[in-house]
Structure formats: C-alpha cells, structure tokens
Amino acid sequence: MNQPTDRTLKNIGYYLLAFLAILIALYPLTYFVLDRNFGLLQSKDEALLLNVFWNIGFYTHILAGGLALLIGWIQFSQKMRIKQKRLHKLIGKTYVVLVILSGMAGIGIGFFATGGWIAKIGFITLGLIWLYTTAAGFSSAKTGEYLTHQKMMTYSYAACFAAVTLRIYLPLLIMLFGDFIPAYRVVAWLCWVPNLFFAYALNSKLRGSDSAEIGPV
C-alpha cells in the first residue's frame, strides 16, 4: 500500500476516534437534563441510587472520565506534540488528574456493578489497568523515557476508550443474549480487553517516540 493511502487511512481512523470520543464524552450531561431512570441506572436498586457515597463516586467517575475521553485523543497528533509542546504537557497533566479521579471512583463503584462478581472484577480490573498505565506513562515522561511514555499512554487511552466500546457492544450483546445481565457480564470485559490488544498492535510498530501515529502528521 502506498504512503498517501496509508496516511489517508490513518487520518480517517484519527477523526473517527475523535468523533466517537467527543460523542460519548458528552453523554454524562444527559444525567443532568433527563430523569435518571434510563440506561445503566435502570439496573440499580433504589437504595443504591439514594446512597450519597455511591452518587459521589458515580458522578466523579462519569464527569472526570468524560473529560479525559474528551481531551485524550488530541495527544495522538504528532503535529501538535512537536509544534505545541506546552499544550501537549498541559493536556497530559490534566488528563492524568482526571484519570486519577475517574479511575479511583470507577474502582469504588465497580464493587456495586450489576451482574455479580464477573462484571465487578471486569470493571475493577479495567480501573486498575487505567490507573497503572497512566501512572507509568506520566512517570516515564518525567524521566525522559519518551518511547515508554508514548506506549503507556496509548494503553491508558485504550482503557479510557472502553467508555465508547461499551456503548457500541452492549446493545449488540443484549440483542444476542436477549437479556441485559449476561450481556453486561460479557461487556465488562469486552469493552476493554480488545482495546488493549489494538494498543499493543500500535505500540509494536514503534521504534522511536514519534515513529507511529494514529493521528495526522
């Protein structure tokens, strides 16, 4: 495949990534303008929905996570990283803070996930991986290990992008199983495991800090 075609496909993938990230990042706003009796909250019992600590965790998770999703895709632009280094660092530091907030809250509410321990372990593991890869990415940037930094942050955003893939897979799984609970147990893992394999495929092409990109160069 020739280089122009490669670049065209890469740019299409980048803008599709951005579109889906922005679309789902704005989804938490619906909880402030609509009655909460919709979506995933329909599977929660009334006592949990009235629990103050669970609500703090839930809203921290979706708001901070939504903002992380909203800004994270920008970091995949090589042009921005090279020409706007201060902006790249600012977005990166903001992303890390948002991940810490959303990831810790996500682990907390993960213990109350619908679908029993299969779903709970799936979401808790996702939260731990998201926190670890983000911390490793931030730490490697501080020590000048930029290739490791790029790889770890690619894994981090792959975990963050689970918010998007969950909403793609879940309706399909519900149609497949004909029931929400088994579908939710599967999506608790399916929403992030393939994402990490995709990130691994991207990272396997890296030989230098800017040698492989999702976004436009």
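Let us look at the structure shown here. Keep in mind that what you see is a predicted model, and the values were worked out from it rather than measured. (Residues numbered from 1 in each chain as written. Predicted model: local features only at pLDDT ≥ 70, side-chain atom pairs only at ≥ 80, totals over all residues. Heavy atoms only, no water.)

**Points about the nonpolar core**
Inference 1: If you look at the biggest cluster of nonpolar residues, it comprises 44 residues, and the most contacted ones within it are Leu 69, Tyr 95, Phe 123, Tyr 157 and Cys 191.
Inference 2: Taken together, the elements giving at least two residues each to this core come down to helix 1 (3-25), helix 4 (52-72), helix 6 (85-110), helix 7 (116-142), helix 8 (146-160), helix 9 (162-177), helix 10 (180-190) and helix 11 (193-203).
Inference 3: Among the elements that take part in this core, helix 8 stands out by supplying seven residues, more than any other.
Inference 4: When near neighbours in sequence (up to four residues on either side) are disregarded, Cys 191 contacts Phe 123, Leu 126, Ala 162, Thr 165, Leu 166 and Tyr 169.
Inference 5: Ranked by size, the runner-up nonpolar core spans nine residues in total, among them Leu 41, Trp 54, Tyr 59 and Ile 109. (Core = buried A, V, L, I, M, F, W, Y, C linked by side-chain atoms within 4.5 Å. Buried < 20%, exposed > 50% of the residue type's maximum accessible area, 1.4 Å probe, protein only. Helix = DSSP H or I, 4+ residues; strand = E, 2+ residues; numbered from the N terminus. Contact = heavy atoms within 4.5 Å.)

**Concerning the packing of helix 6 against helix 7**
To characterise two packed helices, one gives the angle between the axes of the helices and the distance between these axes.
Inference 1: Two elements in contact, helix 6 and helix 7, have axes separated by 9 Å at closest approach and are oriented at 160 degrees. Comparing the axis directions of helix 6 and helix 7 gives the class roughly antiparallel. Between helix 6 and helix 7 lies a crossing whose hand is left-handed. Contacts from Lys 93, Tyr 95, Val 96, Val 99, Ile 100, Ser 102, Gly 103, Met 104, Ile 107 and Gly 110 of helix 6 reach helix 7 at Lys 120, Ile 124, Gly 127, Leu 128, Trp 130, Leu 131, Thr 134 and Phe 138. (Axes fitted to C-alpha atoms, helices over the stretch in contact; angles between N-to-C directions. Parallel < 35°, antiparallel > 145°, perpendicular 65-115°, else oblique. Left-handed = near helix turned anticlockwise from the far one by under 90°.)

**Here's the deal with helix 9**
Inference 1: At Tyr 169, helix 9 is bent by approximately 25 degrees, the largest bend along its length, and proline Pro 171 sits one to four residues beyond.
Inference 2: Within the sequence span of helix 9, burial applies to Ala 162, Val 164, Thr 165, Leu 166, Leu 170 and Leu 173.
Inference 3: Of the residues trailing helix 9, Gly 178 is marked for its positive phi of about 75 degrees. (Bend = angle between axes of the 7 residues up to and from the residue.)

**Topic: the environment of Ile 62**
Inference 1: Residue position: Ile 62 is located in helix 4.
Inference 2: The buried category is assigned to Ile 62, whose relative accessible area is 12%.
Inference 3: Ile 62 sits 109 residues away from Pro 171 along the chain, and the two C-alpha atoms are 19 Å apart.
Inference 4: Residue contacts for Ile 62: discarding those within four places in its chain leaves Pro 28 and Tyr 31.

**Observations concerning the environment of Tyr 95**
Inference 1: Considering the arrangement of structural elements, one finds Tyr 95 in helix 6.
Inference 2: We classify Tyr 95 as buried; its relative accessible area is 4%.
Inference 3: Placed 26 residues apart in sequence, Tyr 95 and Leu 69 show a C-alpha to C-alpha distance of 8.5 Å.

**Examining helix 4**
Inference 1: Spanning 21 residues, helix 4 covers 29 Å between terminal C-alpha atoms, matching the ideal 30 Å at 1.5 Å per step.
Inference 2: Regarding helix 4, its N-cap is Asn 51, as a side-chain oxygen of that residue lies 3.0 Å from the backbone nitrogen of Phe 53 further along. (Expected span 1.5 Å × (residues − 1). Polar contact = N/O pair within 3.5 Å; in protein donor to acceptor, adjacent residues only side chain to side chain.)

**Re the side chain of Ser 156**
Inference 1: Along the chain, Ser 156 falls in helix 8.
Inference 2: Given a relative accessible area of 0%, Ser 156 falls into the buried group.
Inference 3: Other than its neighbours up to four places away in sequence, Ser 156 contacts Tyr 95, Trp 130, Thr 133 and Thr 134.

**Digging into the packing of aromatic side chains**
Centre distance and the angle of the planes are the two values used to describe a pair of aromatic rings.
Inference 1: Overall, the coordinates contain 11 aromatic pairs when judged by the stated rule.
Inference 2: Here the aromatic rings of Tyr 95 and Tyr 157 are separated by 6.4 Å at their centres, their planes lie at 50 degrees, and the arrangement is tilted. Placement of Tyr 95 in helix 6 and of Tyr 157 in helix 8 is noted, with a sequence separation of 62 residues between them. Each member of the pair, Tyr 95 together with Tyr 157, is buried.
Inference 3: Within the aromatic cluster, the residues linked to one another by ring pairs are Phe 76, Tyr 95, Tyr 157 and Phe 161.
Inference 4: In this structure, Lys 120 is placed above the aromatic ring of Trp 117, and the distance from its NZ or CZ to the ring centre is 4.8 Å. (Phe/Tyr/Trp six-rings, centres within 6.5 Å; stacked < 30°, edge-to-face > 60°. Lys NZ or Arg CZ within 6 Å of the ring centre and 35° of its normal.)

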